[in-house]
Amino acid sequence: LEHPFIDQWQNMSGFRRKLNDWKIWFYNKWTSPGSGGSGLWRKHLVNIQGNFGESIFAFFQFTRWLMMLNCIMALFYGLLIFAHVWQFPFAEYEATQYLDMALGNEFEESWWFYGAYKPNYSGSAISFNVAFTWIAVSVASALVSVVAVLQVLLNAGVQDDDEYI
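Residues numbered from 1 in each chain as written. Predicted model: local features only at pLDDT ≥ 70, side-chain atom pairs only at ≥ 80, totals over all residues. Heavy atoms only, no water.

Peer 1: Would you take a moment to explain a nonpolar patch on the surface for this structure?
Peer 2: A cluster of nonpolar side chains, namely Phe 15, Leu 19, Trp 22, Trp 25 and Phe 26, defines an oily patch on the protein surface of about 600 Å² accessible area. Here Trp 25 lies in helix H2 (residues 14–30). (Patch = residues over 30% accessible without salt bridge, like charges linked within 9 Å, V, L, I, M, F, W, Y side chains within 5 Å. Areas by Shrake-Rupley, 256 points an atom, 1.4 Å probe, with all protein chains shown as cover. Salt bridge = Lys/Arg side-chain N within 4 Å of Asp/Glu carboxyl O. Helix = DSSP H or I, 4+ residues; strand = E, 2+ residues; numbered from the N terminus.)

Peer 1: Help me out: how do you make sense of helix H3 (residues 42–52) in this one?
Peer 2: Owing to its 3.6 residues per turn, the α-helix brings residues three or four apart onto one side. All of the buried residues along H3 are Leu 45, Ile 48 and Gln 49. The buried residues of H3 occupy an angular sector of 100° when projected down its axis, which confines them to one face. For H3, the exposed residues set more than 90 degrees away from the buried face come down to Lys 43, Gly 50 and Asn 51. In this fold, the buried residues of H3 make contact with helix H4 (54–87). Note on H3: the residue one or two positions beyond its end, Gly 53, has a positive phi of about 105°. (Buried < 20%, exposed > 50% of the residue type's maximum accessible area, 1.4 Å probe, protein only. Arc of directions from axis to C-beta. Contact = heavy atoms within 4.5 Å.)

Peer 1: Help me understand the confidence of the model for the protein, please; the structure alone is not making it clear to me.
Peer 2: When the pLDDT values of the protein are averaged, the result is 77; 73% of them are 70 or greater. Ranking the helices and strands of the protein by mean pLDDT puts H3 first, with 86, and helix H5 (residues 95–103) last, with 77. (pLDDT = per-residue confidence, 0-100.)

Peer 1: How should I be thinking about the packing of H4 against helix H6 (residues 130–155) in this particular structure?
Peer 2: Helix packing geometry: the angle between the two helix axes and the distance between the axes. The contact between H4 and H6 brings their axes to 11 Å, and the two run at 170°. Considered as vectors, H4 and H6 are oriented roughly antiparallel to each other. Considering only the axes of H4 and H6, their crossing is right-handed. The segment H4 lies against H6, with Trp 65, Leu 69, Ile 72, Met 73, Phe 76, Tyr 77, Leu 80 and His 84 engaging Val 130, Thr 133, Trp 134, Val 137, Ser 138, Ala 140, Ser 141, Val 144, Ser 145, Ala 148, Val 149 and Val 152. Broken down by class, the residue content of the contact of H4 with H6 amounts to 15 nonpolar, 5 polar and no charged. (Axes fitted to C-alpha atoms, helices over the stretch in contact; angles between N-to-C directions. Parallel < 35°, antiparallel > 145°, perpendicular 65-115°, else oblique. Left-handed = near helix turned anticlockwise from the far one by under 90°. Nonpolar A, V, L, I, M, F, W, Y, C, P; charged D, E, K, R; others polar.)

Peer 1: How should I be thinking about the side chain of Thr 133 in this particular structure?
Peer 2: Looking at the secondary structure, you find Thr 133 in helix H6. With residues near it in sequence (within four places) discarded, Thr 133 still touches Leu 80 and Phe 128.

Peer 1: How should I be thinking about the packing of H3 against H4 in this particular structure?
Peer 2: Two elements in contact, H3 and H4, have axes separated by 7 Å at closest approach and are oriented at 155°. If you check the angle between H3 and H4, you find them roughly antiparallel. Viewed along their axes, H3 and H4 form a crossing whose handedness is right-handed. Together, Leu 45, Ile 48, Gln 49 and Phe 52 of H3 and Glu 54, Ile 56, Phe 57, Phe 60, Gln 61 and Arg 64 of H4 make up the contact between the two elements. For the contact of H3 with H4, the class distribution of residues is 6 nonpolar, 2 polar and 2 charged.

And the structure:
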């Protein structure tokens, strides 16, 4: 008895086979029972739970959750910074000024401070409202944080089998 998908899989190119296999592997890994949607540090957390108990396990589980939330927030702000970098006039500055910007010596033009972010750049291909974008990213990150916290609080105690969450 052959699998119904085997003929279709055999007709795929090598790259498509690898891509399909990776997609199936990732889907199975992501939705495996007890993974809680994230397999990050799963084996290590189970080890910690076995050696040190439930309370220490809960602390590290919470730490993992906060790290994932911070990564999502970094993506929001990273997209905003990327939009500025895309429009930044690199040809107007010398190499020594870039070194000063990276070291923070030129506070007005440094990307570490808000002084480098102009409301618009002349001659750029893309135009967007910088003030609105900052506000939208801030509101979006606050909403995602609140929704994530509420989701965790509302689901607390619902699952009896939360050994690997």
